[in-house]
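Residue-level structure breakdown
Chain by chain, the residues run as shown.
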Amino acid sequence: MADSSHGAPGTSVTVATPDRELDEFENPGLPPHRPRLADRDRRAEKRAERQVALLFFISVLGTLLFFVGYFAIPLNETVERLRLQNLMLGLGTAFAMLGIGVGIVHWAKTLMPDHEVTESRHEIRPERDRQDAEKIVNDILDESGIKRRPLIRNTLLGAAILAPLPAIAIFRDLGPLPGNTLKQTMWDTGVRLTRDPSGTPIRASDVTVGSAFHVIPEGLNEVENKLEEKAKAVVLLMRLDPEELNPSPGRENWGYDGIVAYSKICTHVGCPVALYEQQTHHLLCPCHQSTFDLEQECKVIFGPAARPLPQLPIEVDDEGYLVASSDFQEPVGPSFWERG
């Protein structure tokens, strides 16, 4: 049957007939394999193998650097030591992870076979599939060259065994829950309030209306675990007009002539509340903008913090120095753990 054309004047429509067969697309096949330098040159292959082993060895060194920082640097002296430890922990973990990751990528790109393969679908046969899966695993081991490259194999095993250890060490430090330990700080009856960081005692006459002092307990600079104790005991000291304070029943004697002291540790996630607005009498946490009203016993008026800042009861001793009347009456710091 011949093709027919019809339609409006000036137009043409072609109708396909059964006699016309559609041309089939030819299978283009896989692109030709382009050998890499390591495939053509034995010296380049050995050089790539040493590079991969070096990257795995860098991972091992990174793990060792982590443990040097973790165990060899004491944290009971200065903040600089804490910063140095954090730097070593971060660099050690980064080198440990990057060494393995980059090493495996470099290994795959330079030494493992890169030819493309195709596989036809077949019916599901459990026993045959098991044999095929086993063959695939053996092929992967053979193609990776891990059996005939002991330098890469041994450095990879060393890096893989050591790399998880820093995570185990860090997770160990996450527990147990603090329990009642945050109810016990260095503050006690008669402990003087001193300036941070000098440790100079503060007289009540030194605190003027509108001023704010960063305060630590007397003797803090001499204790062995200085940073741990400071993290619980650091305080903000302010003076307002006594008429502006509204103490709740039982707290009338927790301040002295408008001078009040509150924990500096935010009750959200423990950031230092270091900003004081003199005009509004607000304390602000710079991390997540929790705002506490000093006139309402540091009640939360904005932000994610769940409870007010704990107040430190204070009084004046016979020499006119500000001292604590007792420890905090509630735990300091974040509110995310159990308080039972």
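Every value quoted in this text rests on a predicted model; they were computed, and no experiment measured them. (Residues numbered from 1 in each chain as written. Predicted model: local features only at pLDDT ≥ 70, side-chain atom pairs only at ≥ 80, totals over all residues. Heavy atoms only, no water.)

Comments concerning the overall build of the protein chain
Counting secondary structure elements, the protein chain contains 7 helices and 13 strands. Sorting the 340 residues of the protein chain into buried and exposed places 34% on the buried side. A separation threshold of at least 6 residues defines the contact pool for the protein chain, and within that pool the share at least 24 residues apart is 61%. Summing over all exposed atoms, the protein chain offers an accessible surface of approximately 21,200 Å²; the carbon and sulfur share of this is 58%. (Helix = DSSP H or I, 4+ residues; strand = E, 2+ residues; numbered from the N terminus. Buried < 20%, exposed > 50% of the residue type's maximum accessible area, 1.4 Å probe, protein only. Contact = heavy atoms within 4.5 Å. Areas by Shrake-Rupley, 256 points an atom, 1.4 Å probe, with all protein chains shown as cover.)

Regarding the UniProt feature "transmembrane region" (unreviewed entry) in the protein chain
In this structure's numbering, the residues bearing the UniProt feature "transmembrane region" (unreviewed entry) are residues 52-75, 87-108 and 151-171. Secondary structure within residues 87-108 divides into 100% helix and 0% strand; the distance between the first and last C-alpha atoms comes to 31 Å. Between the end C-alpha atoms of residues 151-171 there is a gap of 32 Å, over a span that is 90% helix and 0% strand. (UniProt positions renumbered as here; feature names shortened; annotations may be inferred.)

Quick look at the packing of aromatic side chains
A complete count under the given rule lists 5 aromatic pairs for this structure. With a centroid separation of 4.8 Å and an interplanar angle of 80 degrees, the aromatic rings of tyrosine 70 and phenylalanine 71 are classed as edge-to-face. Taken together, the ring pairs connect Phe66, Phe67, Tyr70 and Phe71 into an aromatic cluster. (Phe/Tyr/Trp six-rings, centres within 6.5 Å; stacked < 30°, edge-to-face > 60°.)

A word on the state of the cysteines
Applying the stated criterion across every chain yields a total of 1 disulfide. The partner cysteine of cysteine 271 in its disulfide is cysteine 287, sulfur to sulfur 2.3 Å. Disulfide cysteine 271 to cysteine 287: torsion about the S-S bond roughly -105 degrees, handedness left-handed. One end of the pair, cysteine 271, is in the loop between strand 6 (259-263) and strand 7 (275-277); the other, cysteine 287, is in the loop between strand 8 (282-284) and strand 9 (291-293), with 16 residues separating them in the sequence. On the basis of relative accessible area, cysteine 287 is assigned to the partly exposed category, the value being 37%. Free of any disulfide, cysteine 266 has its nearest cysteine sulfur in cysteine 285, 3.9 Å distant. (Disulfide = S-S within 2.5 Å.)

Digging into the sheet that holds strand 5 (residues 235-239)
Judged by pairing direction, the sheet is antiparallel, and its 5 strands sit side by side in the order 3-4-5-6-11 without closing on themselves. Either end of the sheet is taken by a strand with one partner, and the two such strands are strand 3 (193-195) and strand 11 (311-312). Note that strand 4 (residues 212-217) and strand 5 share 4 bridges and pair antiparallel. Bridge pairing links valine 215 to valine 235 in strand 5. (Pairing = 2+ DSSP bridges.)

Brief notes about the sheet that holds strand 8
Spatially, 7-8-9-10 is the arrangement adopted by the 4 strands of the open sheet, whose pairing is antiparallel. At either margin of the open sheet sits one strand with a lone partner, and together these are strand 7 and strand 10 (299-302). Here the strands of the sheet are splayed against their neighbours by 35 degrees on average, with no regard to which way each runs. Pairing of strand 7 with strand 8, which is carried by 3 bridges, proceeds in the antiparallel orientation. The residue bridging leucine 275 from the neighbouring strand is leucine 284, located in strand 8. (Axes fitted to C-alpha atoms, helices over the stretch in contact; angles between N-to-C directions.)

Section: the pattern of salt bridges
One pass over the structure, following the stated rule, counts 13 salt bridges. The partner of arginine 149 in a salt bridge is glutamate 45, with the nearest N and O atoms 2.9 Å apart. Taken together, the positions of arginine 149 in the loop between helix 4 (126-144) and helix 5 (150-162) and glutamate 45 in helix 2 (residues 42-72) put the pair 104 residues apart, joining distant regions of the chain. The two residues arginine 149 and glutamate 45 agree in class, both being buried. Measuring nitrogen to oxygen at the nearest pair gives 3.0 Å for the salt bridge that ties aspartate 196 to lysine 230. Separated by 34 residues along the polypeptide, aspartate 196 in the loop between strand 3 and strand 4 and lysine 230 in helix 7 (residues 226-233) bring together distant segments of the chain. What makes lysine 230 partly exposed here is its relative accessible area of 23%. (Salt bridge = Lys/Arg side-chain N within 4 Å of Asp/Glu carboxyl O.)

Brief notes about the nonpolar core
Judged by nonpolar contacts, the single largest core of 19 residues is most densely connected at Trp187, Leu193, Val215, Leu237, Leu312 and Leu322. Mapped by element, the contributors of at least two residues to this core are strand 4, strand 5, strand 6 and strand 13 (322-324). In contact with leucine 322, other than residues within four places in its own chain, are Val191, Arg192, Leu193, Ile202, Arg203, Ala204, Val207, Leu237, Ile259, Glu315 and Val316. Listed in part, the 17 residues of the second largest apolar core include Cys285, Cys298, Val300 and Leu309. (Core = buried A, V, L, I, M, F, W, Y, C linked by side-chain atoms within 4.5 Å.)

Focus: the pairing of strand 4
Two strands pair when backbone bridges link them, and strand 3 and strand 4 are joined in this way by 3 bridges, in the antiparallel orientation. Among the inter-strand pairings, leucine 193 is bridged to a residue of strand 4, identified as proline 217.

Side note on a nonpolar patch on the surface
Nonpolar side chains collect at one region of the surface, where Leu54, Phe57, Leu61 and Leu64 lie side by side and expose about 380 Å² of accessible area between them. Summarising the element assignment, leucine 54 is placed in helix 2. (Patch = residues over 30% accessible without salt bridge, like charges linked within 9 Å, V, L, I, M, F, W, Y side chains within 5 Å.)

Notes on helix 7
For helix 7, the set of buried residues is Lys226, Glu229, Lys232 and Ala233. Each buried residue of helix 7 sits inside an arc of 140 degrees when the element is viewed along its axis, so together they form one side. Looking at the buried positions of helix 7, the neighbouring elements they touch are strand 4 and strand 5. (Arc of directions from axis to C-beta.)

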